[in-house]
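Chain and residue survey
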Amino acid sequence: MGKALAVNENDMSKWDVDLENKLTAYTLLEWGTATADPHHVIMRIGYAISKKEWDLYRDTDISPHQLQVAMSPSAAKELGTYLIRYAKKLEKQVPAKRMQN
């Protein structure tokens, strides 16, 4: 496994964007983490591309799409730091949404 580097958040060439240069993203449904030999952290992400897939997930509890990536412990810690930083920044700007059942 090669060394993972944090993406410069200002480098839009690394991101998927639409015709108006706005970020595109799918809906996160579930996630998980695990460890694997020899010394990796595995992150699993389940996601939906459409409302139909989201509805199907709610009925079946099975993600229609899944991605699993391996990373070093240091990359996992750096990713966690970035997620926390951005989450805290957003929480200060936008009131938290209430979870819907």
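Residues numbered from 1 in each chain as written. Predicted model: local features only at pLDDT ≥ 70, side-chain atom pairs only at ≥ 80, totals over all residues. Heavy atoms only, no water.

Focus: the pairing of strand β1 (residues 27-36)
Relative to strand β2 (residues 40-48), β1 is paired through nine bridges, and the arrangement is antiparallel. Each bridged residue has a counterpart across the sheet, and for Glu30 the counterpart in β2 is Gly46. Counting the residues between successive antiparallel strands, the hairpin from β1 to β2 contains three residues. (Pairing = 2+ DSSP bridges. Helix = DSSP H or I, 4+ residues; strand = E, 2+ residues; numbered from the N terminus.)

Details of the packing of aromatic side chains
Inspection of the entire model under this criterion finds two aromatic pairs. The aromatic ring of Tyr82 is capped on one face by Arg85, whose charged end is 4.9 Å from the ring centroid. (Phe/Tyr/Trp six-rings, centres within 6.5 Å; stacked < 30°, edge-to-face > 60°. Lys NZ or Arg CZ within 6 Å of the ring centre and 35° of its normal.)

Looking at the pattern of salt bridges
A full pass over the atoms with the stated rule returns four salt bridges. The closest approach of N and O atoms between Arg44 and Glu30, which form a salt bridge, is 3.1 Å. Here Glu30 lies in strand β1 and Arg44 lies in strand β2, a separation of 14 residues in the sequence. Looking at Arg44, the relative accessible area reads 25%, which means it is partly exposed. Here the residues in one salt-bridge network are Lys51, Asp55 and Arg58, joined through shared partners. (Salt bridge = Lys/Arg side-chain N within 4 Å of Asp/Glu carboxyl O. Buried < 20%, exposed > 50% of the residue type's maximum accessible area, 1.4 Å probe, protein only.)

Here we look at the sheet that holds β1
Each strand in a sheet pairs with another by means of backbone hydrogen bonds, the pair being arranged parallel or else antiparallel. The strand order across the open sheet built from three strands is β1-β2-β3, with neighbouring strands paired in antiparallel fashion. Of all strands in the sheet, those with a lone pairing partner are β1 and β3 (65-71), marking the two edges. Going from strand to strand, the sheet's axes swing by 20° on average, the running direction of each strand aside. As paired elements, β2 and β3 share seven bridges and run antiparallel to each other. Across the sheet, the residue bridging to Tyr47 is His65, located in β3. Against the sheet, helix α2 (residues 73-93) touches β2 and β3, its axis set at about 120° to β3. (Axes fitted to C-alpha atoms, helices over the stretch in contact; angles between N-to-C directions. Contact = heavy atoms within 4.5 Å.)

What to know about a nonpolar patch on the surface
A grouping of Met12, Trp15, Val17 and Leu23 is seen on the molecular surface, where their side chains present a nonpolar patch of about 340 Å² in accessible area. Within the secondary structure, Met12 sits in the segment before β1. (Patch = residues over 30% accessible without salt bridge, like charges linked within 9 Å, V, L, I, M, F, W, Y side chains within 5 Å. Areas by Shrake-Rupley, 256 points an atom, 1.4 Å probe, with all protein chains shown as cover.)

A closer look at the confidence of the model for the protein
On average, residues of the protein score 86 in pLDDT, and 83% of them reach the 70 mark or higher. Per-element confidence in the protein is highest for β2, whose mean pLDDT is 97, and lowest for α2, whose mean pLDDT is 93. (pLDDT = per-residue confidence, 0-100.)

What to know about the side chain of Glu53
In this fold, Glu53 is placed in helix α1 (residues 51-60). Buried and unpaired, Glu53 has no salt bridge, with Lys52 as the nearest side chain of opposite charge at 8.4 Å. Setting aside anything within four residues of it in sequence, one finds Glu53 in contact with Ala48, Pro64 and His65. (Lys, Arg positive; Asp, Glu negative; His and termini not counted.)

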